[in-house]
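Here's the letter readout for the chains.
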Amino acid sequence: AGAGRAPAARPGVMEISAYVGGASGAAGAARTVKLSSNECAWGPSPKAVEAFEAASKKLYRYPDGGAADLRAAIARRFGLDASRIVCGAGSDEIISLLCQAYLAPGDEALYSAHGFLMYRISTLAAGGVPVTAPETDLHADVDALLAKVTDRTRIVFLANPNNPTGTYLPAAEVRRLHAGLRPDILLVLDAAYAEFVRRNDYEAGIEMVATSENVVMTRTFSKLYGLAGLRVGWAYCPEGVADVLNRVRGPFNVNLPAQAAAVAALADTGWADKVATETIRLRGLAAERLAALGLTVTPSEGNFLLVHFPVTAGRTAQDADAFLQREGVIVRRMEGYGLPGALRISIGTEEETAACLDAVARFVEGWG
Ligand code: PMP
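As the structure is a computational prediction, the values presented were derived from the model and not from experiment. (Residues numbered from 1 in each chain as written. Predicted model: local features only at pLDDT ≥ 70, side-chain atom pairs only at ≥ 80, totals over all residues.)

What is the right way to read the overall build of the protein chain from this model?
Within the protein chain one finds 12 helices and 13 strands. For 368 residues, the compact-globule estimate of 2.2 N^0.38 gives 21 Å, and the C-alpha radius of gyration of the protein chain, at 21 Å, lies within 12% of that figure. Dimensions along the principal axes, computed over C-alpha positions, put the protein chain at roughly 60 × 60 × 50 Å. Residue burial in the protein chain is summarised as follows: out of 368 residues, 48% are buried. Looking at the protein chain alone, contacts between residues at least 24 apart form 73% of all its contacts between residues at least 6 apart. (Helix = DSSP H or I, 4+ residues; strand = E, 2+ residues; numbered from the N terminus. Rg over C-alpha atoms; globule rule 2.2 N^0.38 Å. Buried ≥ 20, exposed ≤ 12 C-beta atoms within 10 Å, placed from the backbone. Contact = placed C-beta atoms within 7 Å.)

Okay, structure coming up:
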């Protein structure tokens, strides 16, 4: 007891940099426009808020450990088998549970170079080894991924569309990836941004899960449904994977008001449709305006844009970020993703998006 050293964590743990979310305020700015976390600018359906408030009267009760109502609501909404749905405290928890359940020490989880940050964190936390494959023009590259498969590969993560790039992989390519994997490798299709895709050749993964034993699709209530603060996500799984996840998850992993709000959010399809339509409209306008300013924007199917800045001193992404912060606009810097030349800008309301773009325009005009 007393002074000395704290017990050492397992080696992989110390390779993790603790996740740091986007800043939530700008010091000194009159008001803040927060476009740093790909949240829903319009918030949740008022019906979800009502359900949350009603549920808050029952906080002394444990939630339904099986999330039966929520799974039934998801199953109805998407035409799925409720017994193969597993809910989590955000899809982050599902990712973490998959790593815990499927990675033994030294086993590898594979994903694209600019894949979602949680893949690395959850892999290391589980004692696994993160392996990345190069991309083609910031798009996941099926051949590059398949070339990195080894005897130790146990999980392949594919965010489709991907965060932070916004890029998507057509269904035929996803199927080609799946066809190239051994059946003992789990393919995790992370469809957090599925509702924002407007491409005919896209599939979130429902069909593939229905017809394969080794494909899982993850979804979230944090983006389209505006419930990021409640932490609700879900996975659609083959029976065997659902069984495994139900063994490793905590018994009450999705809290009571979160379950109630998510059920109500799903039922309000009008609200969700409005959010999706408006996000996609503003995404298009924002991309056009940024391009007109001379900036390169990666084509995005998410609720955000990845914007690339010049390397010239005074014009870099870091300079832009500092300028935007002084103007009260918070966006996400990308050093942590290995993209130091870019900023990720979430689509906000029309007013928020305009405020951000006006500020970017002033920054660019300052180049003279
Ligand atoms: N996957 C991707 C690709 C994401 O961008 C995010 C959110 N940043 C998540 C999963 C996790 O979302 P949540 O835990 O809020 O469901």
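Whenever I open this one, the nonpolar core confuses me. Can you help?
In summary, soluble globular proteins display a tendency toward joint burial of nonpolar side chains. By size, the foremost hydrophobic cluster in this structure holds 111 residues, and its most contacted members are L98, I155, L158, L189, V216, A261 and A262. Ranked by residue count, the leading element in this core is helix α9 (residues 256-267), at eight residues. Counting contributing residues, this core receives three or more from each of domain 1 (11-43 + 270-365) and domain 2 (46-267). Apart from the residues lying within four places of it in its own chain, the contact partners of L189 are L158, N160, V174, G205, M208, V215, V216 and M217. (Core = buried A, V, L, I, M, F, W, Y, C linked by C-beta atoms within 7 Å. Domains from an automatic or database assignment.)

What should I look at first to understand the site of the ligand in this one?
Near the ligand you find 13 residues, and of these G90, D92, N163, T220 and S222 are the closest. Per-element tally for the shell around the ligand: the top contributor is helix α3 (residues 90-102), with three residues. Partitioned by chemical class, the residues of the shell around the ligand number four nonpolar, seven polar and two charged. (Near = placed C-beta within 6 Å. Nonpolar A, V, L, I, M, F, W, Y, C, P; charged D, E, K, R; others polar.)

How should I be thinking about the pairing of strand β13 (residues 342-346) in this particular structure?
Note on strand geometry: in a regular strand, side chains alternate between the two faces of the sheet. Of all five residues making up β13, five are buried, and the element is well covered by its neighbours. Of the strand pairs in this sheet, strand β10 (residues 304-308) and β13 are connected by five bridges, and their pairing is antiparallel. Within β13, the residue paired with F304 across the bridge is S346. Both strand β12 (residues 332-333) and β13 contribute to a ladder of two bridges, which runs antiparallel. Bridging across to β13, R332 finds its partner in R344. (Pairing = 2+ DSSP bridges.)

Explain the packing of α3 against helix α4 (residues 117-125) here, please?
The geometry of a pair of packed helices is captured by two quantities: the angle between their axes and the separation between those axes. In the contact formed by α3 and α4, the axes pass within 8 Å of each other and the chain directions differ by 40 degrees. Looking at the two axes, α3 sits oblique to α4. α3 and α4 meet at a crossing whose hand is right-handed. Mapping the contact onto sequence places D92, I95, S96 and C99 in α3 and M118, Y119, S122, T123 and A125 in α4. By residue class, the composition of the contact of α3 with α4 is five nonpolar, three polar and one charged. (Axes fitted to C-alpha atoms, helices over the stretch in contact; angles between N-to-C directions. Parallel < 35°, antiparallel > 145°, perpendicular 65-115°, else oblique. Left-handed = near helix turned anticlockwise from the far one by under 90°.)

How should I be thinking about the UniProt feature "modified residue: N6-(pyridoxal phosphate)lysine" (unreviewed entry) in the protein chain in this particular structure?
Following the UniProt record, one finds the feature "modified residue: N6-(pyridoxal phosphate)lysine" (unreviewed entry) at K223. You can see K223 is positioned in the loop between β7 (215-220) and β8 (233-236). K223 has contacts with N38, C40, A192, Y193 and N303, leaving out every residue within four places of it along the chain. (UniProt positions renumbered as here; feature names shortened; annotations may be inferred.)

How do you make sense of the packing of helix α1 (residues 46-55) against α9 when you look at a structure like this?
At a minimum axis separation of 8 Å, α1 and α9 run at an interaxial angle of 155 degrees. The orientation of α1 relative to α9 falls into the category roughly antiparallel. At the point where α1 passes α9, the crossing takes the right-handed sense. Taking contact as the criterion, the partners of K47, A48, E50, A51, F52, A54 and A55 in α1 are, on α9, L256, P257, A260, A261, V263, A264, A265 and A267. Considering only residue class, the contact of α1 with α9 consists of 13 nonpolar, no polar and two charged.

How should the confidence of the model for the protein chain be read in this particular structure?
Reading predicted coordinates in detail is not appropriate for stretches of low pLDDT. On average, the protein chain scores 96 in pLDDT, and the residues at 70 or more come to 97%. Both confidence scores are given for the complex: pTM 0.96, ipTM 0.99. (pLDDT = per-residue confidence, 0-100.)

Is there a simple way to explain the sheet that holds strand β4 (residues 129-133) in this structure?
Two pairing modes exist for strands in a sheet, parallel and antiparallel, and in both the strands are linked by backbone hydrogen bonds. Here we have seven strands laid out as an open sheet, ordered β2-β8-β7-β6-β5-β3-β4, and mixed in their pairing. If you trace the sheet from one side to the other, it starts and ends with β2 (85-88) and β4, each paired once. Averaged over all pairs of adjacent strands, the angle between strand axes in this sheet comes to 25 degrees, irrespective of strand direction. With three bridges joining them, strand β3 (residues 108-112) and strand β5 (residues 153-159) adopt parallel strand pairing. Bridge pairing in β5 links E108 to T153. Of the strands in this sheet, β3, β4 and β5 touch α4, which is tilted by about 150 degrees from β4. Docked against the sheet, helix α6 (residues 171-179) engages β5, β6 (186-190) and β7, running at close to 160 degrees with respect to β6.

I keep staring at the domain arrangement of the protein chain and nothing clicks. Help me out?
Reports of interface size often rely on the accessible area that becomes lost once the parts have come together. Taken domain by domain, the protein chain consists of domain 1 (11-43 + 270-365) and domain 2 (46-267). For domain 1 versus domain 2, the separation of C-alpha centres amounts to 24 Å. On the side of domain 2, 26 residues touch domain 1, which itself brings 29 residues to the contact. Every element with two or more residues in the side of domain 1 that touches domain 2 is listed here: α10 (269-292) and β10. Examining the composition of the side of domain 1 that touches domain 2, we find that five residues originate from one element, α10, more than from any other. Residue classes in the side of domain 1 that touches domain 2 are distributed as 15 nonpolar, 10 polar and four charged.

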